[in-house]
Amino acid sequence: MKRPYLLLRHRDIPDLNDLTVYRQNGGFEAFRKAVTSLQPQEVVEIVKASGLRGRGGAGFPTGLKWSFIDNKNWPHYVVANADESEPGTFKDREIMEGNPFQFLEGLMIASYAVQANVAYVYLRGEFWQLAHQLDRRIQQLHNAGLLGDRLFGTDYSLRIFTHLGAGAYICGEETALLESLEGKLGQPRLRPPFPPAVGLFGKPTIVNNVETLANVPLIIERGADWYRSFGTEKSPGVKIFCLSGRVNRPGNYELPLGTTFRELIFEHGKGILGGKQIKAIMAAGASSALIVADERALDTPMDYESVPALGAQLGSASIIVIDETVSMDWLIRKTIHFFQHESCGKCTPCREGTYWMKHIIDRIHRGQANQNDVELLYDVASQIRGKCLCALGEFSTEAVLSALERFPQDFAARVAQQEPAL
Amino acid sequence: MNHLREKYASEIEATLAKYPPDHKRAAAMPLLYLAQREYGYVTKQALIEISEILDVPPTEIGQLVGFYTLYYDEPGGKYRIQVCTDLPCALRGAEEFLEQLCENLGIQVGETTPDGLITVEKVMCLAGCDRAPLFQVQTAEGITYHENQSVESAMKLVRTWQSNP
């Protein structure tokens, strides 16, 4: 029998994005339970025990993050990171469209757990329609007495506001997101201090991804042990894997952490377009190192521990499938252009490094390069590493270095066809 | 006189109410969207008006327009067709789609049709990689998504705009 969906429950239950239907299916009982019968610290402990890890990419333990909130400095804020912008990632959008109340309930429970009375949903500007839908749903929650003052007759009050970004990938980085929410350029802050100590408007703040928050109501309702019955020991729970690229059936697949690449790509995704051979896998969107898609890689479980053994990261689990028709010099030209465009310009290694990588790869692409340029590209990418203010600069080198190391023949073939520039 | 403040007093008040009173600057991005709705793009006058409403220097509002891609400091087509050609979409034919769309419209990427109706732009990932080719349409009013597109379906949409400009 097919396992019922936990996060993409709207695929099992029609009209789940209607408040009445959501409540008929147990909606907001977890929030009520938390506010009326659990201490905030108890909520944090349950989420800690569940082993839930952040689904935005970093995989940081969620309950632990909540426990870092500074209780000597008030007020507190919770911000939902709905800036979903990693190329290959499209899961938060489906949650917010299909199962929005489960996400909002998770945000509300997180707010109670750290005693925040105001929470924000920061959506990328492109999610303009979604933001307006969420505004209407937040108003419905007010009308239903689930948001507002003195909830369920307790002293706890909560309001939620949406805030639209305006087109900047970097705002998915949590401190850049907070800057943007404050009306500034979305540029990352120097850390420490981390947001749970100094966050939004200088106050202690928890930033959680949409998918992370959507897990929370189920954990409160059914318990940490139940949640741990899915996934692996160190990566418990289910995950939405975004499958894209050269597969027959791209889309979101909710599966236990630890499912193999082979199962995702060949069973759920129905294999490679046109019956071609698979060549490489990017597991964390454009920020990924390229995994050589050999038998060992295909049999690797997709969890936070196993993917690093392949010299890559699981990240947001945005699986981009590359087939034999794709040349790696073309591929990294796409990722380099992306990161060069999205570099916020604050730190030199990323701003200058992505700019120069772009020039070199364009030269290779135009047919005006030789093997020295390929080595220069490797050199520039290597020098960016470990020197950037945030992960963006670091990520910009992942595909470049791994492509050059693991698929050198693609570059050798490319420059061999070319006349050296004068 | 401050046109935005006069015309949209209650909307501006509601926006400011979302943020702490001593952090009015947080309303800068929503107000830039408001300005774009009113003027079609962010005019110099709009920067001054927002700066007065928020008590922030106009240059600090102006830099947001340069940093964020959905704000414009010059007019464009009434409809901005923004096609994603990032890696996952490019693996599913988005670059060819964009090229053919431009051919059909008789313009290059970044240009506006002579009637001022349509601008075509190439944008970064729109979080719809499983439904490529896709684009969003940005107008002064807002943004809508159009997924699983073909040149035929896109041109059909264009014709509805042309017949009802």
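This is a predicted model, so every value here is computed, not measured.

Draft legend 1. Focus on the sheet that holds strand S3 (residues 159-164) of chain A. Residues and elements named next belong to chain A. One open sheet holds the four strands; their spatial order is S3-S2-S1-S4, and the pairing between them is parallel. Sheet topology places S3 and strand S4 (205-209) at the edges, where each strand pairs with a single neighbour. Averaged over all neighbouring strand pairs, the angle between strand axes comes to 20 degrees, with direction disregarded. As paired strands, strand S1 (residues 77-82) and S4 are joined by five bridges and run parallel to one another. Following the sheet pairing, Ala80 is matched in S4 by Asn208.

Draft legend 2. Structural detail: the domain arrangement of chain B. Assigned domains within chain B: domain 1 (3-67) and domain 2 (79-163). Computed from C-alpha atoms alone, the centre-to-centre distance between domain 1 of chain B and domain 2 of chain B is 29 Å.

Draft legend 3. Region of the structure containing the interface of chain B and chain A. The partner chain A presents 59 residues to the 41 residues of chain B that form the contact. For the pair chain B and chain A, the summed buried surface comes to about 3,900 Å²; carbon and sulfur atoms form 62% of the total. The largest per-residue losses of area from chain B upon contact with chain A belong to Phe67, Leu87 and Leu91 of chain B, which jointly make up 18% of the total buried on that side. Summed over the shared surface of chain B and chain A, the number is two salt bridges. Residue Glu147 of chain B is joined to Arg93 of chain A by a salt bridge in which the shortest nitrogen-to-oxygen separation is 2.9 Å. Where chain B touches chain A, the interface holds 20 residue pairs in polar contact (both at pLDDT 80 or more). Sorting the residues of the side of chain B that touches chain A by element identifies helix H3 (28-39), helix H5 (58-67), helix H6 (87-90) and strand S4 (143-146) of chain B as the ones contributing at least two each. In terms of residues, the side of chain B that touches chain A owes the most to one element, H3 of chain B, which gives four residues. Here the side of chain B that touches chain A is built from residues that sort into 24 nonpolar, eight polar and nine charged.

Draft legend 4. Structural context of the side chain of Ser318 of chain A. All names here are of chain A. Mapped onto the fold, Ser318 is located in strand S9 (residues 318-323). For Ser318, a relative accessible area of 0% puts it in the buried group. At a separation of 2.8 Å, a polar atom in the side chain of Ser318 contacts the side chain of Ser316. Those residues in contact with Ser318 that lie beyond four places of it in its chain are Pro87, Gly88, Thr89, Cys242, Met282, Ala283, Ala284 and Gly285.

Draft legend 5. Inspection of helix H8 (residues 151-163) of chain B at higher detail. Residues and elements named next belong to chain B. The terminal C-alpha atoms of H8, which comprises 13 residues, lie 18 Å apart, in line with the 18 Å expected from a rise of 1.5 Å per residue. Every buried residue belonging to H8 is among Val151, Ala154, Met155, Val158 and Trp161, and all of these are buried. Angular distribution of buried residues about the axis of H8 spans 110 degrees; they occupy a single face of the element. Counted as exposed and oriented over 90 degrees from the buried face of H8: Glu152, Lys156 and Ser163.

Draft legend 6. Main features of the environment of Arg150 of chain A. Residues and elements named next belong to chain A. For Arg150, the location among the structural elements is in the loop between helix H7 (128-143) and S3. Each C-alpha atom of the pair Arg150 and Val326 lies 58 Å from the other, and the pair is 176 residues apart in sequence. Arg150 has contacts with Asp155, Tyr156 and Ser157, leaving out every residue within four places of it along the chain.

Draft legend 7. Highlighting the sheet that holds strand S5 (residues 238-245) of chain A. Residues and elements named next belong to chain A. What the five strands build is an open sheet, ordered S6-S5-S9-S7-S8; its pairing is mixed. Across the chains shown, the open sheet's two edge strands, defined by having one partner strand only, are strand S6 (251-256) and strand S8 (290-292). Sheet twist, expressed as the mean angle between neighbouring strand axes with direction ignored, is 30 degrees. For strand S7 (residues 278-282) and S8, the ladder comprises three bridges, and the chain directions are antiparallel. Looking across to S8, one finds that Ala280 is bridged to Val292. Against the sheet, helix H16 (residues 391-406) touches S7 and S8, its axis set at about 25 degrees to S8.

Draft legend 8. View of helix H8 (residues 174-181) of chain A. Of all the eight residues making up H8 of chain A, seven are buried; the element is thus mostly covered by neighbouring parts of the structure. Close packing links the buried residues of H8 of chain A with S1, strand S2 (118-123), S3 and S4 of chain A together with H3 of chain B. Following H8 of chain A by one or two positions, Gly183 of chain A adopts a phi angle in the positive range, close to 90 degrees.

Cut-offs and rules
Residues numbered from 1 in each chain as written. Chains lettered and ligands numbered in written order. Predicted model: local features only at pLDDT ≥ 70, side-chain atom pairs only at ≥ 80, totals over all residues. Heavy atoms only, no water. Pairing = 2+ DSSP bridges. Helix = DSSP H or I, 4+ residues; strand = E, 2+ residues; numbered from the N terminus. Axes fitted to C-alpha atoms, helices over the stretch in contact; angles between N-to-C directions. Domains from an automatic or database assignment. Contact = heavy atoms within 4.5 Å. Buried area = accessible area lost by both parts, 1.4 Å probe. Salt bridge = Lys/Arg side-chain N within 4 Å of Asp/Glu carboxyl O. Polar contact = N/O pair within 3.5 Å; in protein donor to acceptor, adjacent residues only side chain to side chain. Nonpolar A, V, L, I, M, F, W, Y, C, P; charged D, E, K, R; others polar. Buried < 20%, exposed > 50% of the residue type's maximum accessible area, 1.4 Å probe, protein only. Expected span 1.5 Å × (residues − 1). Arc of directions from axis to C-beta.

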